[in-house]
2 protein chains.
Amino acid sequence: MANIYDIETYEPSESIGYLMTRVKVEMLAALDRELAADAHLSALGVTSAQFVVMVRLVGTADRKSASDLCKDLSYDAGAMTRMIDRLEKKGLVRRMRCVKDRRLIYLEATEAGRAAYPRMLEISVAVQNRFLRGMEPQDARRLRDYLARMLHNAG
Amino acid sequence: MANIYDIETYEPSESIGYLMTRVKVEMLAALDRELAADAHLSALGVTSAQFVVMVRLVGTADRKSASDLCKDLSYDAGAMTRMIDRLEKKGLVRRMRCVKDRRLIYLEATEAGRAAYPRMLEISVAVQNRFLRGMEPQDARRLRDYLARMLHNAG
DNA sequence: CTACAATATCAGCCTAGGCAGATATATGTT
DNA sequence: AACATATATCTGCCTAGGCTGATATTGTAG
């Protein structure tokens with residue numbers, strides 16, 4: 001299996017790792033700016049990281065525990081505890097101890113959380129569309145497949 | 001110009017933003033692990049973030065100031081000051097006040113920095129090749145072009 | 001030349017993630 | 001049942017980035 005890069009010809013500024021890191025920074029920064037600027041959401045002070053957690057709770061079907069979220073998001077467990085503290089304090093999320101396995105804490109979006117969600121999602125979709133400007137749907141599918149493969153290769 | 005995503009059909013888990021954020025986390029985590037595990041580099045305690053700065057100093061031709069690096073890397077200026085403090089403390093980088101514009105501080109890799117660089121680069125290339133496993137060179141070029149376009153769209 | 005704006009670096013404060021260790025619960029083994 | 005092992009959450013500590021304001025220097029308008 002052929003390697004993509006070799007040391008002799010490797011161009012850091014054009015490498016996929018470099019570009020991806022920068023795009024990620026810029027995209028989350030844009031999301032943070034626009035979440036903070038929104039008339040309704042600014043009161044909640046929702047950050048991009050908090051939004052990403054809300055997506056997993058509201059935007060996906062199955063019930064999630066804190067550790068599920070850590071796996072879903074490549075996120076540290078200690079950091080997740082405090083993340084949920086913040087979301088709970090803002091009234092967006094509820095903790096519910098699982099009765100079958102009392103180690104688990106299931107998480108649930110509150111009414112307020114579900115109410116705020118559509119606007120957050122709208123902003124996130126708009127930001128992504130802006131970054132994908134000029135691409136055909138076929139390009140976006142390819143890009144998505146490349147990223148999915150890389151995530152798979154991460155093991 | 002058509003939007004890629006619309007709210008009704010948007011699937012968070014398959015979105016490019018979500019996937020990219022996760023791939024970036026996994027890739028830098030892998031780089032950190034392997035930099036820390038390397039026999040020669042572990043003594044220096046070089047992190048992925050520090051490596052990225054070294055790339056800009058050793059791996060590119062032109063002389064760089066701290067603020068150049070901030071622009072190159074979408075990095076905060078205050079954080080960059082401390083980043084350079086750490087690299088200087090490890091003996092990998094030198095500060096040199098510019099005589100023409102005394103606000104500027106040019107940065108230069110030391111002998112030790114240049115000596116350690118090839119091995120860092122080797123590890124970085126290996127990590128990226130692992131994440132790109134199974135892709136044809138044509139796919140990697142496409143992926144790179146997509147990312148470059150997104151970075152351009154960031155403005 | 002002076003006043004004012006722009007730029008580069010730096011220092012202080014705050015926030016937040018990673019890691020190690022503690023506790024509680026569950027699972028598997030003997 | 002007793003014990004060890006694994007898992008989930010939480011807490012304390014450390015590191016590091018973002019933001020704000022301070023200082024020094026440069027560029028610019030009058």
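As shown above, the structure is provided for reference.
Here the structure is a predicted model, which means the values were calculated and not measured. (Residues numbered from 1 in each chain as written. Chains lettered and ligands numbered in written order. Predicted model: local features only at pLDDT ≥ 70, side-chain atom pairs only at ≥ 80, totals over all residues. Heavy atoms only, no water.)

A.B. asks: I tried to follow the overall build of chain A on my own but got confused; where do I start?
C.D. replies: The helix and strand tally for chain A stands at 6 helices and 3 strands. Along chain A, helices and strands appear, N-terminal first, in the series α-α-β-α-α-β-β-α-α. Each principal axis of the C-alpha distribution contributes one length, and for chain A these read about 55 × 40 × 25 Å. The buried share of chain A, taken over its 155 residues, is 45%. Carbon and sulfur atoms provide 51% of the accessible area of chain A, an area that totals close to 8,000 Å². In chain A, which carries 25 positive and 21 negative side-chain charges, the distance between the mean positions of the two groups comes to 8 Å. (Helix = DSSP H or I, 4+ residues; strand = E, 2+ residues; numbered from the N terminus. Buried < 20%, exposed > 50% of the residue type's maximum accessible area, 1.4 Å probe, protein only. Areas by Shrake-Rupley, 256 points an atom, 1.4 Å probe, with all protein chains shown as cover. Lys, Arg positive; Asp, Glu negative; His and termini not counted. Charge placed at Lys NZ, Arg CZ, Asp CG, Glu CD.)

A.B. asks: I'm lost on the pattern of salt bridges in this one. Help?
C.D. replies: If charged atoms from side chains of opposite charge come close, those side chains can pair. The tally for this structure, following the rule as stated, stands at 26 salt bridges over all chains. Between Arg 130 of chain B and Glu 34 of chain B there is a salt bridge, and its shortest N-O distance comes to 2.2 Å. Here Arg 130 of chain B is found in helix H5 (residues 111-131), whereas its partner Glu 34 of chain B is found in helix H1 (residues 16-37), with 96 residues between them in sequence. We classify Arg 130 of chain B as partly exposed; its relative accessible area is 26%. For Asp 145 of chain B, the salt bridge identified is with Arg 144 of chain B, shortest N-O distance 3.2 Å. Through salt bridges with shared partners, a single ionic network connects Glu 14 of chain A together with Arg 144 and Asp 145 of chain B. (Salt bridge = Lys/Arg side-chain N within 4 Å of Asp/Glu carboxyl O.)

A.B. asks: Is there a simple way to explain the sheet that holds strand S3 (residues 105-109) of chain B in this structure?
C.D. replies: Pairing between the strands of a sheet comes from backbone hydrogen bonds, and it takes one of two forms, parallel or antiparallel. Residues and elements named next belong to chain B. Pairing is antiparallel in the open sheet, where 3 strands are placed in the order S1-S3-S2. Strand pairing shows two members of the sheet lacking a second neighbour, strand S1 (64-65) and strand S2 (93-97), which therefore form its edges. The pairing of S2 with S3 spans 5 bridges and is classified as antiparallel. Opposite Arg 95, over in S3, you have Leu 107 as the bridge partner. (Pairing = 2+ DSSP bridges.)

A.B. asks: For this particular structure, what's the right way to read the protein's contact with DNA strand D?
C.D. replies: Taken together, the neighbourhood of DNA strand D is formed by 23 residues, with Ser 67 of chain A together with Tyr 75, Asp 76, Arg 82 and Arg 103 of chain B sitting nearest. The sugar-phosphate backbone supplies 65% of the atoms of DNA strand D found within 4 Å of the protein. Within the contact set of DNA strand D, a phosphate oxygen lies 2.5 Å away from a backbone nitrogen or oxygen of Ser 67 of chain A. With respect to DNA strand D, the backbone of Ile 105 of chain A contributes an N or O atom lying 3.1 Å from a phosphate oxygen. Put simply, the parts of the chain that give the surface near DNA strand D at least two residues each are helix H3 (66-73) and helix H4 (77-89) of chain A together with helix H4 (77-89) of chain B. The residue makeup of the surface near DNA strand D, split by class, is 8 nonpolar, 4 polar and 11 charged. (Near = heavy atom within 4 Å. Polar contact = N/O pair within 3.5 Å; in protein donor to acceptor, adjacent residues only side chain to side chain. Nonpolar A, V, L, I, M, F, W, Y, C, P; charged D, E, K, R; others polar.)

A.B. asks: Is there a simple way to think about the nonpolar core in this case?
C.D. replies: As a rule of thumb, soluble globular proteins bury nonpolar side chains together. Met 150 of chain A together with Met 150 of chain B are the most contacted members of the largest nonpolar core, which totals 91 residues. Here this core gets 10 residues from one element, more than from any other, and that element is helix H1 (residues 16-37) of chain A. Setting aside anything within four residues of it in sequence, one finds Met 150 of chain A in contact with Ile 16 and Met 20 of chain A together with Val 23, Met 27, Phe 131, Leu 132, Met 135 and Leu 143 of chain B. (Core = buried A, V, L, I, M, F, W, Y, C linked by side-chain atoms within 4.5 Å. Contact = heavy atoms within 4.5 Å.)

A.B. asks: So what exactly am I meant to see when it comes to the pairing of strand S3 (residues 105-109) of chain A here?
C.D. replies: Sheet faces and side chains relate simply in a regular strand, where the side chains alternate between the two faces. Pairing of strand S1 (residues 64-65) of chain A with S3 of chain A involves 2 bridges; the strand directions are antiparallel. Bridge pairing in S3 of chain A links Lys 64 of chain A to Leu 107 of chain A.

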